Amino acid sequence: MSSLRLLVLDGDGIGPEVNAQALRVLREVGAHAGMSIEAEHAAFGGASLDAYGLPVTEATIALAKASDAVLLGAVGGPKWDDVAPHLRAERGLLRLRSELGVFANLRPAKFSAAIEAASPLRPERARGADFVIVRELCGGIYFGEPRAIETVNGERRGYNTMVYTESEIVRVARVAFETARLRSKRLTSVDKANVLEVSRLWREVVTDLHKREYSDITLDHQYVDSYAMKMVANPRDADVVVTGNLFGDILSDLAAALSGSLGMLPSASLGEGPGLYEPVHGSAPDIAGQAKANPLGAILSSALLLEHTVKRPDLAKIVNDAVQGALDAGLRTGDIAWGDAGTRRVNTVEMGDAVVANIRSSFGSKETRA
Ligand code: NAD
């Protein structure tokens, strides 16, 4: 890919601050890798509500669909908490996700030795853990019909439907197998096939796809309850994990605890068209405008963009290594600053500076070696 068309949606709160650093990183990588970056900006979330009376406009949706990828900051904040439900910033986000049809949500979870004091797991158990959860995002029990709370024989009952079609399973499993191919070629599919029919179908479809197209990948199946236990007890054993919407929601938050801070966590949401890349955290109104935000979740999201949209895992690795280098050098934003010896507290831009400098020197040393 020699040129990348990006739609940048900064959103609200710390969104613009962290996105600015992610965009700097992409521009730096692009300059060295011969990839031009055209970035268009549009208002989104509360900012769009202020400007246009809607959390996302049709024009922004059209821009997103016409781009190669969307880089999103975060949306929402107390200023817009009392608006009508259909105008809430989060509605804009859900609309964008559904318009882009991003059915596979990738959440990498990595234990960083540099900030191990922030992890609730003992370092000797978690050190080296590095895995990705691929969560189905557009189906399953969150969308299944029928769903209702109703009164029957004088008492209320509530129900939802967990439903997956074969094609919904195949498309997310394919993303997971492809992700596994770029890593250590191991995939774990998580379900509840001992109890649920929908999970039995899930397991059959994943197994068939494996036989047909991905026999180079080692596949295993796990039940969600025991797998949650294994993930905490032996996080190093996990590599790529694929699962449905509900199980993925729970497991990805469990995995998030490994990294020690919300500010460190990236995500990618992928479908047929442009990918949507955003840090996991929200708009953090409590620290907005103070240069305190950790930009690493947004920067690591840009690494996912290089991996999945640009299809250059080598460039993604340069960004990931540059982030690790900044942490190893002792740089810490407030959320990961524990006052340990050899660490120095920095602001959002200084953390971005360090990552950009590491990227530059990584390309410099390669160019020197070549
Ligand atoms: P939050 O993630 O914004 O903040 C939770 C805590 O983590 C805060 O103390 C915050 O300062 C801290 N934090 C978050 N990101 C950080 C970063 N990069 N660096 C340093 N510290 C960071 O969650 P919240 O406070 O529950 O929500 C605030 C607003 O964000 C709400 O309006 C919520 O609806 C919205 N929200 C948006 C998204 C999204 O855009 N995807 C996700 C979650 C919450």
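Residues numbered from 1 in each chain as written. Predicted model: local features only at pLDDT ≥ 70, side-chain atom pairs only at ≥ 80, totals over all residues. Heavy atoms only, no water.

Undergrad: What am I meant to see in the overall build of the protein chain here?
TA: Looking only at helices and strands, one finds twelve helices and 14 strands in the protein chain. For 370 residues, the compact-globule estimate of 2.2 N^0.38 gives 21 Å, and the C-alpha radius of gyration of the protein chain, at 21 Å, lies within 12% of that figure. Its C-alpha atoms give the protein chain principal-axis dimensions of about 70 × 50 × 45 Å. In the protein chain, once contacts between residues fewer than 6 apart in sequence are set aside, the share between residues at least 24 apart is 76%. (Helix = DSSP H or I, 4+ residues; strand = E, 2+ residues; numbered from the N terminus. Rg over C-alpha atoms; globule rule 2.2 N^0.38 Å. Contact = heavy atoms within 4.5 Å.)

Undergrad: Explanation requested: the site of the ligand in the structure shown.
TA: Looking at the ligand, there are 20 residues lining it, with Val75, Glu90, Gly282, Ala284 and Asn294 nearest. Measuring from an oxygen atom of the ligand, one finds a backbone N or O atom of Val75 at 2.9 Å. The separation between an oxygen atom of the ligand and a polar main-chain atom of Ala284 is 2.7 Å. For the ligand, whose free accessible area comes to 800 Å², the fraction covered by protein is 68%. (Near = heavy atom within 4 Å. Polar contact = N/O pair within 3.5 Å; in protein donor to acceptor, adjacent residues only side chain to side chain. Areas by Shrake-Rupley, 256 points an atom, 1.4 Å probe, with all protein chains shown as cover.)

Undergrad: Quick question: what am I supposed to make of the packing of helix H10 (residues 296-308) against helix H11 (residues 313-328) here?
TA: Packed helices, taken two at a time, are described by their axes: the angle between them and the distance between them. Between H10 and H11, whose axes approach to 7 Å, the crossing angle comes to 160°. With respect to H11, the element H10 is oriented roughly antiparallel. Where H10 crosses over H11, the two elements pack in a sense that is left-handed. In this structure, H10 contributes Leu296, Ile299, Leu300, Ser302, Ala303, Leu306 and Glu307 to the contact, and H11 contributes Pro313, Leu315, Ala316, Val319, Asn320, Val323 and Leu327. (Axes fitted to C-alpha atoms, helices over the stretch in contact; angles between N-to-C directions. Parallel < 35°, antiparallel > 145°, perpendicular 65-115°, else oblique. Left-handed = near helix turned anticlockwise from the far one by under 90°.)

Undergrad: Is there a simple way to think about the environment of Ile336 in this case?
TA: With respect to the helices and strands, the residue Ile336 is situated in the loop between strand S13 (331-332) and strand S14 (344-345). As a C-alpha pair, Ile336 and Ala74 span 262 residues in sequence and 20 Å in three-dimensional space. Discounting chain neighbours no more than four positions away, the residues touching Ile336 are Ile115, Ser261, Met264, Asn294 and Leu327.

Undergrad: Where do I start with the packing of helix H1 (residues 15-33) against H10 in this structure?
TA: Relative to each other, H1 and H10 sit at 40°, their axes nearing to 8 Å. With respect to their mutual orientation, H1 and H10 come out oblique. The hand of the H1/H10 crossing is right-handed. Residues Val18, Gln21, Ala22, Val25, Leu26 and Val29 of H1 form the contact with H10, whose own contacting residues are Ala298, Ile299, Ser302, Leu305 and Leu306. Within the contact of H1 with H10, the residues separate by chemical class into nine nonpolar, two polar and no charged. (Nonpolar A, V, L, I, M, F, W, Y, C, P; charged D, E, K, R; others polar.)

Undergrad: In this structure, what is going on with the sheet that holds strand S8 (residues 186-191)? I would like to understand it.
TA: In a beta sheet, neighbouring strands pair by backbone hydrogen bonds and run either parallel or antiparallel. Spatially, ten strands are ordered S2-S1-S3-S12-S11-S4-S5-S10-S8-S9 in an open sheet, and the strand pairing comes out mixed. Since the sheet does not close on itself, it has two edges, and those belong to strand S2 (36-41) and strand S9 (218-223), each with one partner. Strand after strand, the sheet turns through a mean of 25° between neighbouring axes, direction not considered. Summarising the sheet, S8 and S9 pair through six bridges and their orientation is parallel. Residue Arg186 lies in a different strand from S9, and its bridge partner there is Thr218. (Pairing = 2+ DSSP bridges.)

Undergrad: I would appreciate a short explanation of empty space enclosed by the protein in the present structure.
TA: The rolling of a water-molecule-sized probe over the atoms marks out the regions of remaining empty space. Summed over all chains, the structure comprises two cavities of 30 Å³ or more. Around the largest cavity sit 13 residues that line it, and Met162, Tyr164, Ser199, Gly244 and Phe247 are the ones nearest its centre. Elements with a contribution of two residues or more to the lining of the largest cavity: S8, helix H7 (197-213) and helix H9 (245-256). Grouping the constituent residues of the lining of the largest cavity by class yields eight nonpolar, four polar and one charged. Within this model, the second largest cavity holds a volume of roughly 30 Å³. What lines the second largest cavity is Arg107, Pro108, Ala109, Ser252, Ala255, Ala256 and Leu265. When residues of the lining of the second largest cavity are traced back to their parent elements, those giving at least two are strand S4 (104-110) and H9. Classifying every residue of the lining of the second largest cavity gives five nonpolar, one polar and one charged. (1 Å grid on protein atoms, 1.4 Å probe; cavity = no way out; pocket = protein on both sides within 12 Å on 5 of 7 lines; lining within 4 Å. Points joined across faces, edges and corners; volume = space filled by probe spheres on them.)

Undergrad: For this particular structure, what's the right way to read the layout of surface pockets?
TA: For the largest pocket, the calculated volume is near 660 Å³. Lining the largest pocket are 29 residues, and of these Pro108, Lys110, Asp130, Arg183 and Asn320 sit closest to its centre. Listing elements by their share of the lining of the largest pocket, those giving two or more residues are S4, strand S5 (130-136), helix H6 (166-182), H10 and H11. Two domains each put at least three residues into the lining of the largest pocket: domain 1 (1-105 + 261-370) and domain 2 (120-259). Considering only enclosed or pocket space, the second largest pocket measures out at about 470 Å³ in volume. (Domains from an automatic or database assignment.)

Undergrad: Where do I start with the packing of aromatic side chains in this structure?
TA: The geometry of an aromatic ring pair comes down to the distance between the two centres and the angle between the two planes. Applying the stated criterion to the full structure yields two aromatic pairs. When the ring of Phe177 is compared with that of Tyr214, the centres are 4.6 Å apart and the planes differ by 5°; the resulting orientation is stacked. Linking Phe177 in helix H6 with Tyr214 in the loop between H7 and S9, this pair joins segments that are 37 residues apart in sequence. The class of Phe177 is buried, set by a relative accessible area of 0%. With a relative accessible area of 2%, Tyr214 lands in the buried category. (Phe/Tyr/Trp six-rings, centres within 6.5 Å; stacked < 30°, edge-to-face > 60°. Buried < 20%, exposed > 50% of the residue type's maximum accessible area, 1.4 Å probe, protein only.)

Undergrad: Honestly, helix H3 (residues 58-66) in this entry has me stumped. Any pointers?
TA: Owing to its 3.6 residues per turn, the α-helix aligns residues three or four sequence positions apart on the same side. Regarding H3, the residues found buried are Thr60, Ile61 and Ala64. Buried residues of H3 fall within an arc of 100° about the axis and therefore sit on the same side. Among the exposed residues of H3, those oriented more than 90 degrees off its buried face are Glu58 and Ala59. In this fold, the buried residues of H3 make contact with strand S1 (3-11), strand S3 (69-74) and helix H4 (89-100). (Arc of directions from axis to C-beta.)

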